[in-house]
Amino acid sequence: MDKSEATRRIRELRDTLARHDELYYRQGTLEIEDQEYDALKRELAALEAEFPELSTDTSPTRHVGDDRTEGFAKVKHRERMMSLDNTYNESELREFDARLRRIFPDRELGYVVEPKIDGVAVCLTYEQGRLVRAVTRGNGVEGDDITANVREGVPALPDRLAGDQWPEIVEIRGELYMTLTEFQRINTEREEKQLPLFANPRNLTAGTVKQLAGVGGRRLEIVLYGLGFCQPRRFGKQSEFHQAVRGWGLPTLERYWTAEGIDEAWACIEKLDTLRHEFTYETDGAVIKLDDFALQAEAGATAKSPRWAIAYKFAAEQAETLLEKIDVQIGRTGAVTPVAYLSPVQLAGTTVSRATLHNEDEIARKDIRPGDTVVVQKAGEIIPQVLRVVTDKRPADSQPFDFAAFLQEKGIDAERVPGQAFWRLKGRDDPALIRRKLKHFASKPCLDIENLGEAVVDQLVTQGLVRDPADLYTLTVEELLPLEKFAQKSSENLVAAIAASRDKEVWRLVHALGIPNVGAQSAKDLVAHFHGLPAIMRASAEELEEVDGIGGIVAASIRTFFEDEAQLDLVNRLIAHGLRIEEEPPAEAGTETPLTGKTVVLTGTLPTLSRDEATARIEKAGGKTSSSVSKKTDYVLAGESAGSKLEKARKLGVEIIDEDAFLKLINP
Ligand SMILES: NC(=O)c1ccc[n+]([C@@H]2O[C@H](COP(=O)([O-])OP(=O)(O)OC[C@H]3O[C@@H](n4cnc5c(N)ncnc54)[C@H](O)[C@@H]3O)[C@@H](O)[C@H]2O)c1
């Protein structure tokens, strides 16, 4: 390769890696498998070695992936947090040992072999034995302060170290992770609510610790294995440190091995490979470290990884199964990702029934078709991917899969992102689209908001006051006054008109949402059948098709709309602003209603109803709410993160119901 070719390829690789880093570290998602990512990084490193003049300090080969995000306080690590060099083959592992033996020619090298936990790196600081801080790796030098989320989300983490043999200040490094059981619990709940599923426990862990409003009832675990800053210094070896961590009562590695020399270390790695599926955490490899801290210090580090440790990653496991159908998932940013639905098959200790297909080009490159027998692989132990098609077993009438035609058939209005392989729902942030949405929302056949005409909408969008319909409900008179042709009275009128739209008929709101293919008549039909928005949101495509006048295309389009997190977020915000979402007639005095004379206590966060909304429903159904649980309480309506009220209800034997049961109760 000549230099200009190398320059072009290096730039391309850096851009690609930067994009995947952003997805992986900041957004908690991924588009390519780790093995593929690692291969791209190696290619870049090789080119930079061949053309050192093209190497720069900002290259992804020189720094750790940065997970810092807005909204978190930044904290400097007292000692840098590094990444690890990694390899997938034994000979490179032996080269690592050979390099160290060149540095320490006369020594027999003692190693520690540890499982490599596939989670999210975290650094805990204990001062005087008390947990004071939990910080992400960040860019290695400073990370995000996630103390509150760690305290809330990791019940197994003690606030105080046991005993009294701890240093005054100690940074303890480890990995946050989520058990498969918890991961499956969350995904099953999401599946029931027809929400998009999370791809794997690692990404969900990354997303959970970076939630700004707490961990929302998700349970995380931690395992601690590394020493950072320590005052006074007191450990001579990694293995001694492990003993201390255990003695302090912290969750630590279930197994680790000490080995003399690389042959013994290799035997330990093989042993680890046979045992790892029994661990509570997912492991994607082994980490081999020099045991002696003095030798570690002498060996030093490169720009991003220590020279005294290496990760050996296990090869992915594979299995053959039938690809039943291809469907799509829609992400928060509107990305439309193809997914393969498989006949369930056992792989790396779990049952696999879905695999990512990444994007349109990937499907075309591998020529994957519904009805194919495919080889699936769990790379890096987590997300299954379709590796290849077993073409010998392809049915005779099979046709290539046409992604664009498939999207059209499903009524998904998406476009391929120029220069990229993925598709995205059309123009989310386009001001013209926002205007169009708002005009539709406020129009006569929708929420019919007086005074919110075209000129006003244009100004609201241009001034950045409103980005979507939910923003209308927080507008204030003060914000409107500076707009053209707005005076005190007209501003008040608009705020009042918007407020009044909260009580309009539910079909108007359903129409106003702008679900593709759902016009005023369909909205009326849907509400007449389901009596409210929540039931429409929960309905399956089959249930939707039971409504007179709703066909397959409209049903699919409704499902796609509510599976899209961005749309769901908008709907939930509208609901939170108190818009009417149920059509049931108000209770008349003297009539028996489902909750007449009953007391309900609310606790936790409900999946779709806000607290005000739930209270309004309870009152409408004849009940009343109370803030504390007693023997007189009839029901406790509990959502995620329900706390002591739930405990008390259990103790007193008060009936506990979730949102679904509640909605059935008031709307039998
Ligand atoms: N698929 C993608 O798009 C994508 C994008 C970015 C990164 N990645 C993956 O992430 C890797 C880079 O991530 P990384 O920098 O966190 O490196 P890494 O995951 O390869 O290894 C370093 C990390 O391992 C963790 N670790 C787990 N067990 C450990 C133990 N016993 N001892 C020491 N450390 C342990 C630590 O958090 C440490 O920071 C890449 O090699 C790639 O596989 C994938």
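Residues numbered from 1 in each chain as written. Predicted model: local features only at pLDDT ≥ 70, side-chain atom pairs only at ≥ 80, totals over all residues. Heavy atoms only, no water.

Student: Sorry if this is basic, but what is going on with the site of the ligand here?
Tutor: Around the ligand, the structure places 25 residues, and the nearest of them are Tyr 25, Ile 32, Asp 38, Ser 83 and Arg 137. Here Met 82 contributes a backbone N or O atom positioned 3.4 Å from an oxygen atom of the ligand. Within the side chain of Tyr 225, an N or O atom sits 3.2 Å from a nitrogen atom of the ligand. When the ligand is considered free in solution it has 820 Å² of accessible area, and contact with the protein chains removes 93% of it. Only helix H1 (3-26), helix H2 (34-50), strand S3 (110-117) and strand S10 (283-290) provide two or more residues apiece to the shell around the ligand. When grouped by side-chain class, the residues that make up the shell around the ligand number 12 nonpolar, three polar and 10 charged. Counting contributing residues, the shell around the ligand receives three or more from each of domain 1 (3-54) and domain 2 (74-313). (Near = heavy atom within 4 Å. Polar contact = N/O pair within 3.5 Å; in protein donor to acceptor, adjacent residues only side chain to side chain. Areas by Shrake-Rupley, 256 points an atom, 1.4 Å probe, with all protein chains shown as cover. Helix = DSSP H or I, 4+ residues; strand = E, 2+ residues; numbered from the N terminus. Nonpolar A, V, L, I, M, F, W, Y, C, P; charged D, E, K, R; others polar. Domains from an automatic or database assignment.)

Student: Got a minute to help me understand the state of the cysteines in this structure?
Tutor: A full pass over the atoms with the stated rule returns zero disulfides. Cys 123 provides the cysteine sulfur closest to Cys 230, a residue in no disulfide bond, and the two sulfurs are 12 Å apart. (Disulfide = S-S within 2.5 Å.)

Student: For this particular structure, what's the right way to read the packing of aromatic side chains?
Tutor: How two aromatic rings sit relative to each other is given by the distance of their centres and the angle of their planes. For the structure shown, the criterion picks out 12 aromatic pairs. Ring centres of Tyr 312 and Phe 314 lie 5.9 Å apart, and the angle between their planes is 85°; this geometry places the pair in the edge-to-face category. When sorted by exposure, Tyr 312 lands in the same class as Phe 314, which is buried. Geometrically, the ring pair formed by Phe 401 and Phe 403 is tilted, given 6.5 Å between the ring centres and 50° between the ring planes. Residue Phe 403 is classed as buried on the basis of its relative accessible area, which comes to 3%. Through successive ring pairs, a cluster of aromatic residues spans Phe 401, Phe 403, Phe 406 and Trp 423. The ring of Tyr 24 has Arg 202 sitting right over it, with the charged end atom 4.0 Å from the ring centre. (Phe/Tyr/Trp six-rings, centres within 6.5 Å; stacked < 30°, edge-to-face > 60°. Buried < 20%, exposed > 50% of the residue type's maximum accessible area, 1.4 Å probe, protein only. Lys NZ or Arg CZ within 6 Å of the ring centre and 35° of its normal.)

Student: Just checking my understanding: could you explain the sheet that holds strand S20 (residues 624-626) for this structure?
Tutor: Think of a sheet as strands paired side by side through backbone hydrogen bonds, with each pair either parallel or antiparallel. Spatial strand order, S20-S19-S21-S22: four strands in an open sheet with parallel pairing. The two strands at the open ends of the sheet, each matched to only one other strand, are S20 and strand S22 (655-657). Averaged over neighbouring strand pairs, the angle between their axes works out to 35° when direction is ignored. Alignment of strand S19 (residues 599-603) against S20, held across three bridges, turns out to be parallel. Residue pairing for S20: Val 600 is matched across the bridge by Thr 625. (Pairing = 2+ DSSP bridges. Axes fitted to C-alpha atoms, helices over the stretch in contact; angles between N-to-C directions.)

Student: Explain the packing of helix H22 (residues 611-620) against helix H24 (residues 659-666) to me, please; I cannot follow it from the model alone.
Tutor: In a pair of packed helices, the angle between the axes and the distance between the axes together describe the arrangement. At their nearest, the axes of H22 and H24 sit 10 Å apart, and the two run at 30° to each other. Regarding the angle of H22 to H24, the classification is roughly parallel. For H22 against H24, the interelement crossing comes out left-handed. Every residue of H24 that contacts H22 at Ala 614, Arg 617 and Ile 618 is listed here: Phe 662, Leu 663 and Ile 666. Taken together, the residues that form the contact of H22 with H24 break down as five nonpolar, no polar and one charged. (Parallel < 35°, antiparallel > 145°, perpendicular 65-115°, else oblique. Left-handed = near helix turned anticlockwise from the far one by under 90°. Contact = heavy atoms within 4.5 Å.)

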